[in-house]
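# Examining the three-dimensional arrangement
As a plain string of letters, each chain reads:
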Amino acid sequence: MQRARLLPPPIAPAAPPTPVLVITGPSGVGKGTLIRLLLGRCPGLQLSVSATTRPPREGEVNGREYHFLSRSDFDQRVERREFIEHAEYAGNRYGTLRSELERPAGGIVLEIEIQGARQVRETLPEAVQVFIAPPSLEDLQERLVGRASDSEEQIARRMEVAPVEMAAREEFSTVVVNEDLDAALAELASLAAKMCGPDEPESS
Ligand code: ADP
Ligand code: 5GP
């Protein structure tokens, strides 16, 4: 009896964490394109807005495509452990703020490069991870050039790391080759079906 009185008061069970879907793969493979289409089909899914030190591209809005931070702001947030993962990529820093995973949703999508995906594998082992692969390195280069959003120097830096990133596909149990966009989207939608919410797409 005495012991029972010393027990702490019961607490409400914590809400189950929001499921996380990690989409990774080399820059230019089509991650952003596929995610945009997936979000259109899955009302329950929300995109995590990453932080970066790279300057905004034309049309990018702070808080929508990225939280654009100065290097010192980014570094201070690293010190304060505000990121669940962060990495240096092609001369800039990128990271996922913890706060992005706290919103209620059927699922949260992270669009991140490989080093970050590896960190999430350790910190959130229950997250679903998908590696998006291009049909070939030539296709990747064509897509980066065709996107016309990066300087020649940025494209070169991205192509320099691409072979190393491609080798990392072995680490992922789920690989989607983005050759035909519709086919890749259908594969992704079926992987994300549980996080889609009431209007789940038919798995095909
Ligand atoms: P990432 O987000 O991985 O850097 P993007 O989504 O920006 O890549 O795509 C890079 C370029 O490739 C864009 O111009 C996009 O329209 C194009 N693209 C995406 N998927 C395909 C595909 N299956 N076939 C041909 N081009 C594609
Ligand atoms: P971009 O400069 O083309 O927007 O992004 C460059 C690379 O950084 C892409 O491969 C993109 O997926 C990745 N990236 C974007 N946000 C994050 C993030 O929060 N963390 C990590 N690790 N990579 C990110």
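Refer to the structure presented above.
One structure accompanies this document, and this report is about it.

Rules used in this analysis
Residues numbered from 1 in each chain as written. Chains lettered and ligands numbered in written order. Predicted model: local features only at pLDDT ≥ 70, side-chain atom pairs only at ≥ 80, totals over all residues. Near = placed C-beta within 6 Å. Nonpolar A, V, L, I, M, F, W, Y, C, P; charged D, E, K, R; others polar. Helix = DSSP H or I, 4+ residues; strand = E, 2+ residues; numbered from the N terminus. Expected span 1.5 Å × (residues − 1). Buried ≥ 20, exposed ≤ 12 C-beta atoms within 10 Å, placed from the backbone. Contact = placed C-beta atoms within 7 Å. Axes fitted to C-alpha atoms, helices over the stretch in contact; angles between N-to-C directions. Parallel < 35°, antiparallel > 145°, perpendicular 65-115°, else oblique. Left-handed = near helix turned anticlockwise from the far one by under 90°.

## A word on the site of ligand 2
Around ligand 2 sit 15 residues in total, of which Ser50, Tyr94, Ile112, Glu113 and Gly116 are the nearest. The class makeup of the residues in the shell around ligand 2 is four nonpolar, six polar and five charged.

## Quick look at helix H7 (residues 181–192)
Along its twelve residues, H7 runs 16 Å from first to last C-alpha, staying within 8% of the 16 Å computed at 1.5 Å per residue. Buried residues of H7: Ala184, Leu185, Glu187, Leu188, Ala189 and Ala192, and no others. Buried residues along H7 sit in contact with strand S1 (20–24), helix H2 (31–41), strand S2 (45–47), strand S7 (107–111), strand S8 (128–133) and strand S9 (175–177).

## Some points on the site of ligand 1
Lining the immediate surroundings of ligand 1 are Ser27, Gly28, Val29, Gly30, Lys31, Gly32, Thr33, Arg143, Gly146, Arg147, Asn178 and Leu181. At the level of secondary structure, the elements contributing two or more residues to the shell around ligand 1 comprise H2 and helix H5 (137–147). Grouping the constituent residues of the shell around ligand 1 by class yields two nonpolar, seven polar and three charged.

## Re the packing of H5 against helix H6 (residues 152–167)
The axes of two packed helices give the description: the angle between them and the distance between them. Between H5 and H6, whose axes approach to 11 Å, the crossing angle comes to 155°. The angle between the axes of H5 and H6 places the two elements in the roughly antiparallel class. Along this stretch, H5 crosses H6, giving a crossing that reads as right-handed. When H5 is examined against H6, the residues Leu137, Leu140, Gln141, Leu144 and Val145 are found in contact with a partner set consisting of Ile155, Arg158, Met159, Ala162 and Pro163. For the contact of H5 with H6, the per-class residue count stands at eight nonpolar, one polar and one charged.

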